[in-house]
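One letter stands for each residue in the lines below.
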Amino acid sequence: IMPSLVGSEMCIRDRYSPIAGEGLPRRRIGWDSVPAECKMGAEYSNVWSLFEYAAKRYPEHDCMGKRVPLGKGPFQWINYTEAYERAKPAGAGLRALGLKPGDCIGVYAPNSEEWALSGLGAYSQSMTVVPLYDTLGDDAVRYEIEHAELKLVICAEKNLHALAAVKDKVPTLKTIVQVEPLGESDPYADELKAAGITFFDYDSMIAKGKAEPVAPTVPEPDSIAVIMYTSGTVSYTHLTLPTTPYV
């Protein structure tokens, strides 16, 4: 996304008609236009290729980390090579579960390694990531699934109740990938399965991706990277569609 700095000198005052309730757009000093391609070259003007470039240039650098035990212990890091090698089967796993380039995947979970790798995997197959949240209630989840025509949602176990609440109103939803390992029984999972929705866990999706590897499908520069529904609005129609060069 375009970087911005605070300062009145960067407001584009001479080319902008103020709209009531909105702030002024800002642009970094020295930029006369929005960049059309990555500074390393046009071939890197998409999320996946740029990540692949970083993984090959900085293979041993820390890429992402998590506290173990969760939220309490020291960070355990994986480097760019490890993240790259884990993202590829995530993308292939999504393909094995029936998705194709151009499809959207929902992610309904707290920030985590699985969240990040699922997103990178989706980008490796030219898919659009749709974060879900229930700040506005169950109907917001229904709207997001319906509007983005989601066939698959990667979901934390604690959020299954929200999907179960709208299961009869989201006919496009066919598959749920639970972040945590599947247990013997969960009332919400059982309810969703009874509605005809197929369940996998994240590890099973990765195993499918390793068993059925697929070469990356590099996104086009104008492919939509993320559909982001914002909470700061009273209307469901307020969303952001960043394309891959600007994420």
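As a reminder, the structure under discussion sits directly above these lines.
Just so it is clear, the structure is predicted and the values come from calculations on it, not from any experiment.

Undergrad: Where do I start with the overall build of the chain in this structure?
TA: Scanning the chain from terminus to terminus reveals 7 helices and 9 strands. Counting the 247 residues in the chain, one finds 41% classified as buried. Put simply, of all contacts in the chain between residues at least 6 apart along the chain, 57% involve residues at least 24 apart. Counting every atom, the chain has about 13,500 Å² of accessible surface; 53% of that belongs to carbon and sulfur.

Undergrad: Can you walk me through the sheet that holds strand 5 (residues 152-155) in this structure?
TA: Adjacent strands of a sheet form backbone hydrogen bonds with each other and so pair up, either parallel or antiparallel. Strand order in the open sheet made by the 5 strands is 4-3-5-6-7, with parallel pairing throughout. Looking at strand neighbours, the two that pair on one side only are strand 4 (128-131) and strand 7 (198-201), the edges of this open sheet. When the angles between neighbouring strand axes are averaged without regard to direction, this sheet yields 25°. As judged from the 4 bridges shared by strand 6 (residues 175-178) and strand 7, these two strands associate in the parallel manner. Pairing of Thr175 across the sheet is with Thr198, part of strand 7.

Undergrad: Where do I start with the layout of surface pockets in this structure?
TA: Unfilled space is identified by rolling a water-sized probe across the atoms. Of the volumes computed, that of the second largest pocket is approximately 470 Å³. Around the second largest pocket, the lining is made up of 21 residues, and of these Leu70, Asn111, Ser112, Glu113 and Glu114 lie nearest the centre. When residues of the lining of the second largest pocket are traced back to their parent elements, those giving at least two are strand 1 (62-67), helix 3 (113-124) and helix 7 (202-211). The biggest single contributor to the lining of the second largest pocket is strand 1, with 4 residues. For the lining of the second largest pocket, the per-class residue count stands at 11 nonpolar, 4 polar and 6 charged.

Undergrad: Mind showing me how you'd approach the packing of aromatic side chains here?
TA: The relation between two aromatic rings is expressed through the spacing of the ring centres and the mutual angle of the planes. Following the criterion strictly, the structure yields 7 aromatic pairs and no others. Taken together, a centroid distance of 5.6 Å and an interplanar angle of 20° make the contact between Trp48 and Tyr84 stacked. Taken together, the residues span a long stretch of sequence, with Trp48 in helix 1 (residues 47-57) and Tyr84 in helix 2 (residues 80-96) at a distance of 36 residues. The pair formed by Trp48 and Tyr84 is uniform in burial state, with each residue classed as buried. Three or more aromatic residues joined by ring pairs make a cluster, and in this case those are Trp48, Phe51, Tyr80 and Tyr84. The ring of Phe199 is capped by Lys193, whose NZ or CZ atom sits 5.5 Å from the centre of that ring.

Undergrad: Whenever I open this one, the nonpolar core confuses me. Can you help?
TA: One recurring pattern in soluble globular proteins is that nonpolar side chains are buried together. One finds Leu94, Ile105, Ile154 and Met205 to be the most contacted residues of the largest nonpolar core, which totals 32 residues. Secondary-structure elements contributing two or more residues to this core are helix 1, helix 2, strand 3 (104-108), helix 3, strand 5 and helix 7. Per-element tally for this core: the top contributor is helix 2, with 5 residues. Grouped together as the second largest cluster of nonpolar side chains are 26 residues, Tyr133, Val141, Ile145 and Phe199 included.

Undergrad: It is not clear to me how the packing of helix 1 against helix 2 should be interpreted in this structure. Could you clarify?
TA: A pair of packed helices is characterised by two quantities: the angle between their axes and the separation of those axes. Axis separation between helix 1 and helix 2 bottoms out at 8 Å; the angle between their running directions is 140°. With respect to each other, helix 1 and helix 2 are oriented oblique. Here helix 1 and helix 2 pass one another in a crossing that is left-handed. Of the residues in helix 2, those touching helix 1 at Trp48, Phe51, Glu52, Ala54, Ala55 and Lys56 are Tyr80, Thr81, Ala83, Tyr84, Ala87 and Lys88. Among the residues making up the contact of helix 1 with helix 2, the classes are represented as 8 nonpolar, 1 polar and 3 charged.

Undergrad: Sorry if this is basic, but what is going on with the environment of Lys66 here?
TA: With respect to the secondary-structure elements, Lys66 resides in strand 1. A sequence separation of 12 residues divides Lys66 from Ile78, and the C-alpha atoms of the two residues are 9.0 Å apart. If we ignore the near neighbours within four places in the chain, the residues touching Lys66 are Pro74, Phe75, Gln76, Glu113 and Glu114.

Definitions and cut-offs
Residues numbered from 1 in each chain as written. Predicted model: local features only at pLDDT ≥ 70, side-chain atom pairs only at ≥ 80, totals over all residues. Heavy atoms only, no water. Helix = DSSP H or I, 4+ residues; strand = E, 2+ residues; numbered from the N terminus. Buried < 20%, exposed > 50% of the residue type's maximum accessible area, 1.4 Å probe, protein only. Contact = heavy atoms within 4.5 Å. Areas by Shrake-Rupley, 256 points an atom, 1.4 Å probe, with all protein chains shown as cover. Pairing = 2+ DSSP bridges. Axes fitted to C-alpha atoms, helices over the stretch in contact; angles between N-to-C directions. 1 Å grid on protein atoms, 1.4 Å probe; cavity = no way out; pocket = protein on both sides within 12 Å on 5 of 7 lines; lining within 4 Å. Points joined across faces, edges and corners; volume = space filled by probe spheres on them. Nonpolar A, V, L, I, M, F, W, Y, C, P; charged D, E, K, R; others polar. Phe/Tyr/Trp six-rings, centres within 6.5 Å; stacked < 30°, edge-to-face > 60°. Lys NZ or Arg CZ within 6 Å of the ring centre and 35° of its normal. Core = buried A, V, L, I, M, F, W, Y, C linked by side-chain atoms within 4.5 Å. Parallel < 35°, antiparallel > 145°, perpendicular 65-115°, else oblique. Left-handed = near helix turned anticlockwise from the far one by under 90°.

Any functional reading would require information beyond the geometric quantities listed.
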